[in-house]
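# Fold and geometry: a report
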Amino acid sequence: MANYDVIIIGGGHNGLVNAAYLARAGRRVLVLERRHVLGGAAVTEEIFPGFKFSVASYVVSLLRPEIIRELDLPRHGLEILPLDGTFTPMPNGDYLWRVNDHAKTRREIARHSRVDAEAYEEYGKAMVEMGRFVKPILTMTPPDPTSLDPRGLMDLLFLGRRFRDLPDQDKYNQVQLMTMSAVDFLDQWFETDVLKATMSASGIIGTFLGVRSPGTAYVLLHHYMGEIDGAFRSWGLSRGGTGAISNAIGNAAREARAEIRLEAAVSRILVKGGAATGVVLENGDTFTAGVVSSSLDPRQTFTNMIGEEHLPAEFVEDVRRYKYRGSSGKVNLALDGLPDFRCLPGAGTHLRGAISISPSVDYMERAYDEAKYGRYSRRPYIDMVIPSLTDPSVAPPGKHVMSCFVQYAPYHLKESSARSDHGGTWDEHREAFGDTVINTIAEYAPNIRDIILHRQVLTPLDIERTFGLSEGNIFQGELTLEQLFFLRPAPGWARYRTPIRNLYMCGSATHPGGGIMGAPGRNAAMRILKETSAR
Ligand SMILES: Cc1cc2nc3c(=O)[nH]c(=O)nc-3n(C[C@H](O)[C@H](O)[C@H](O)COP(=O)(O)OP(=O)(O)OC[C@H]3O[C@@H](n4cnc5c(N)ncnc54)[C@H](O)[C@@H]3O)c2cc1C
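Here goes a summary of the coordinates provided. (Residues numbered from 1 in each chain as written. Predicted model: local features only at pLDDT ≥ 70, side-chain atom pairs only at ≥ 80, totals over all residues. Heavy atoms only, no water.)

## What about the packing of aromatic side chains?
As enumerated under the stated definition, the model contains 21 aromatic pairs in all. Look at tryptophan 426 and phenylalanine 433: their rings are 5.3 Å apart centre to centre, the planes differ by 75 degrees, and that puts the pair in the edge-to-face class. Classification of tryptophan 426 as buried rests on a relative accessible area of 3%. Accessibility expressed as a relative area gives 1% for phenylalanine 433, which makes it buried. (Phe/Tyr/Trp six-rings, centres within 6.5 Å; stacked < 30°, edge-to-face > 60°. Buried < 20%, exposed > 50% of the residue type's maximum accessible area, 1.4 Å probe, protein only.)

Have a look at this one:
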């Protein structure tokens, strides 16, 4: 008899959500996590004594409200603190500061353009409608359009009907979102360059595309779908860092009797007669189970843990073609004080929200131009937060932690480059990349260099090595149209099942994709419960 009903590979937040739902349904569940700490890319670590960092992901919005409710996450320690607005400093000494207070933001945008202040309201309403249309899709197992399965056909019909019932303008918007670039889409509403630049940033996060590349408008919508307490498009910080989210989910899973083992790296998935039967750890330990559920990306799961010889040739091709192309880096700073922005000096509330270095559309596109040719951006897009201002538990008194998400940092650096400073490997360029980020921030907040006590620089190679995310892609594969919904991670295999019987996938590489959302883990659990029985 198998040791467990289900073995889950990976203790990131999706693996843990998967575990919690399966254990609550009475399955005997084992979670195997390679690292010494739970959470995957949603993790908190004390990198420097007294300074706790959300090492990778740093803000939360997409976490599904039904998961928070059903797993009773607040009782298990989850607390989301609001993050108020986005502050965008400009090189000319001005700034754009959007906050959650609608009237204030309107006045602020009107300072730049009255037309845009009007349009902002319309845009917000349109995006909420678009989000409403897409929302039920998040919790759905994608139908396979090539299958004649009546349940799949019903799902397709449901989607078709929803689209038909949209007001005409929303129909056009939906098609535009699926096909246009973030900037072209925003151009239809706004005229202020800095407003379009800072809003378009949501369209390129985790994606190796520029703000003018077709397809990026969809990523805008992906980032609009978050909900905190029912308020659309609000981002927050998790008290204790994003690792506290994973720990809360882990606690819910443990309470339901799931077993979670740390420092348990899986090296192989056991396959017998075309079915998964268990796993082997790097230390040789073997565990058997009726079902194996992998929260890792397709390359890690199929190429590294199964081997192409066990898989249909067409699927092997799909796994090879699946795009990662990591484009992001992260710089985590321990600070002795607060950055002082030339355009708005002092420790005001503008430091409590996101701070975005995205001063113009051309700036954003130029940052991408360099990445296209295998270089990290000389002047990158940077999204910063200072969580210690909202949650003092993460830094010693009077000190701060600052998280800087950076794009573009292409995983594949050009080997030889006309600019000698950019040829070579990420191991050679890590510190220079960190310097580029600090120098860019210093152009707006010159005191930054004087207040840095420690810094941690994560290149896409570090993201791959530390978190097991192939090519450092933060979403376990790009969120581009050809890899979404019934195509994620491969055509015909978007229903959490795989060509190996009893092997399921439950991580961000499945529908509806990346971000601290939990939906892939929950959807996959529902599938597993439907299709398998406890042994
Ligand atoms: C730098 C960065 C910034 C981000 N910022 C945000 C943000 O601000 N907000 C947001 O919503 N999202 C953000 N994201 C994306 C988000 O964090 C991820 O999409 C999400 O956390 C992925 O969760 P997951 O459970 O699907 O996979 P993962 O978190 O990748 O979990 C997979 C787990 O498997 C483990 N593992 C790997 N190999 C093995 C093995 N051989 N054996 C056992 N275990 C193994 C890993 O250690 C990991 O714990 C960011 C990601 C990164 C990297």
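Once the structure has been displayed, the description carries forward.
## Description of the state of the cysteines
A full pass over the atoms with the stated rule returns 0 disulfides. This cysteine, cysteine 343, is not joined by any disulfide, and cysteine 404 carries the nearest cysteine sulfur, 16 Å off. For cysteine 343, a relative accessible area of 13% gives the class buried. (Disulfide = S-S within 2.5 Å.)

## Brief notes about the environment of threonine 86
Summarising the element assignment, threonine 86 is placed in strand E6 (residues 86-89). Distance from threonine 86 to methionine 526, taken between C-alpha atoms, is 37 Å for residues 440 residues apart in sequence. Once you skip the residues sitting within four places of it in the chain, threonine 86 turns out to touch Leu96, Trp97, Arg98, Thr198, Ala354 and Ser356. (Helix = DSSP H or I, 4+ residues; strand = E, 2+ residues; numbered from the N terminus. Contact = heavy atoms within 4.5 Å.)

## Structural notes on the site of the ligand
Around the ligand lies a shell of 36 residues, among which Glu33, Val59, Ser508, Gly515 and Ile516 are the nearest. For the ligand, an oxygen atom lies 3.3 Å from a polar atom in the backbone of glycine 40. When the ligand sits alone it has 1,000 Å² of accessible area, and the protein chains cover 97% of it. For the shell around the ligand, the elements supplying multiple residues, two or more each, are helix H1 (13-24) and helix H16 (460-467). Its residues assigned to classes, the shell around the ligand shows 19 nonpolar, 14 polar and 3 charged. (Near = heavy atom within 4 Å. Polar contact = N/O pair within 3.5 Å; in protein donor to acceptor, adjacent residues only side chain to side chain. Areas by Shrake-Rupley, 256 points an atom, 1.4 Å probe, with all protein chains shown as cover. Nonpolar A, V, L, I, M, F, W, Y, C, P; charged D, E, K, R; others polar.)

## A short note on the nonpolar core
Among the nonpolar cores identified, the biggest contains 98 residues, and Tyr123, Phe185, Phe190, Phe341, Met384, Met402 and Ile448 are the most heavily contacted of them. Here the element with the most residues in this core is helix H4 (residues 114-138); it accounts for 11 residues. Contact partners of tyrosine 123, with chain neighbours within four places excluded, come to Phe185, Leu186, Trp189, Phe190, Met199, Leu220 and Tyr224. Grouped together as the second largest cluster of nonpolar side chains are 35 residues, Leu16, Tyr21, Ala42 and Leu73 included. (Core = buried A, V, L, I, M, F, W, Y, C linked by side-chain atoms within 4.5 Å.)

## Considering the packing of H4 against helix H9 (residues 216-224)
Running from N to C, H4 and H9 cross one another at 80 degrees; their axes reach a closest spacing of 9 Å. Taken together, the axes of H4 and H9 lie roughly perpendicular to each other. Between H4 and H9, the contacting residues are Tyr123, Met127, Met130, Gly131 and Val134 on the first element and Leu220, Leu221 and Tyr224 on the second. Class assignment of the residues belonging to the contact of H4 with H9 gives a composition of 7 nonpolar, 1 polar and no charged. (Axes fitted to C-alpha atoms, helices over the stretch in contact; angles between N-to-C directions. Parallel < 35°, antiparallel > 145°, perpendicular 65-115°, else oblique.)

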